Amino acid sequence: MKKLGLASVGLFVISLVVYGSWFFNESAYNGKGVLLLAVLLPVIGLITAFQSKGFLKAIGIVGNTLVLMWVVIIPAASILFWNQP
């Protein structure tokens, strides 16, 4: 079970680095592939975090949830409330 927690934290760090590097340098990567990777890795990380135990479980859940909020929820909410171009 400890390896699942470590995998969850690893997926959180990888998705954070990939999305962060794309966010600051958009021309470096293809946008659709990075966004797909930035959404799938935290989802897989959340699944593995819920199956693990201990302190790494908390880090995995919080970290992957924050990445998902930054990648999915905040842009979706801004699209809903954006009135003018």
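Preceding this paragraph is the structure being described.
Residues numbered from 1 in each chain as written. Predicted model: local features only at pLDDT ≥ 70, side-chain atom pairs only at ≥ 80, totals over all residues. Heavy atoms only, no water.

Caption draft 1: How the structure looks around the overall build of the protein. Along its length, the protein carries three helices and zero strands. Element order for the protein, N to C, with α for helix and β for strand: α-α-α. Taking the principal axes of the C-alpha coordinates as reference, the protein spans close to 50 × 30 × 15 Å. The buried share of the protein, taken over its 85 residues, is 28%. Only carbon and sulfur atoms are counted for the fraction: they give 76% of the accessible area of the protein, which is about 6,000 Å². (Helix = DSSP H or I, 4+ residues; strand = E, 2+ residues; numbered from the N terminus. Buried < 20%, exposed > 50% of the residue type's maximum accessible area, 1.4 Å probe, protein only. Areas by Shrake-Rupley, 256 points an atom, 1.4 Å probe, with all protein chains shown as cover.)

Caption draft 2: Spatial organisation of helix α1 (residues 2-24). Taking 1.5 Å of rise per residue, the 23 residues of α1 would be expected to cover 33 Å, and the 33 Å separating its terminal C-alpha atoms lies within 8% of that figure. Those residues of α1 not exposed but buried are Gly 5, Ser 8, Val 9, Leu 11, Phe 12, Ser 15, Val 18, Tyr 19 and Trp 22. (Expected span 1.5 Å × (residues − 1).)

Caption draft 3: Up close: a nonpolar patch on the surface. The grouping of Val 62, Leu 66, Met 69, Val 72 and Ile 73 at the surface amounts to a nonpolar patch, some 430 Å² of accessible area in total. Its location among the elements puts Leu 66 in helix α3 (residues 55-81). (Patch = residues over 30% accessible without salt bridge, like charges linked within 9 Å, V, L, I, M, F, W, Y side chains within 5 Å. Salt bridge = Lys/Arg side-chain N within 4 Å of Asp/Glu carboxyl O.)

Caption draft 4: Geometry of α3. The terminal C-alpha atoms of α3, which comprises 27 residues, lie 37 Å apart, in line with the 39 Å expected from a rise of 1.5 Å per residue. Its axis deflected by about 40 degrees at Met 69, α3 carries its strongest bend there. When α3 is considered as a whole, its buried residues turn out to be Gly 60, Gly 63, Asn 64, Val 67, Leu 68 and Val 71. (Bend = angle between axes of the 7 residues up to and from the residue.)

Caption draft 5: Examining the side chain of Thr 48 more closely. In this structure, Thr 48 sits in helix α2 (residues 31-51). Under the relative-accessibility criterion, Thr 48 is labelled buried at 13%. Other than its neighbours up to four places away in sequence, Thr 48 contacts Leu 4, Ser 8 and Leu 11. (Contact = heavy atoms within 4.5 Å.)

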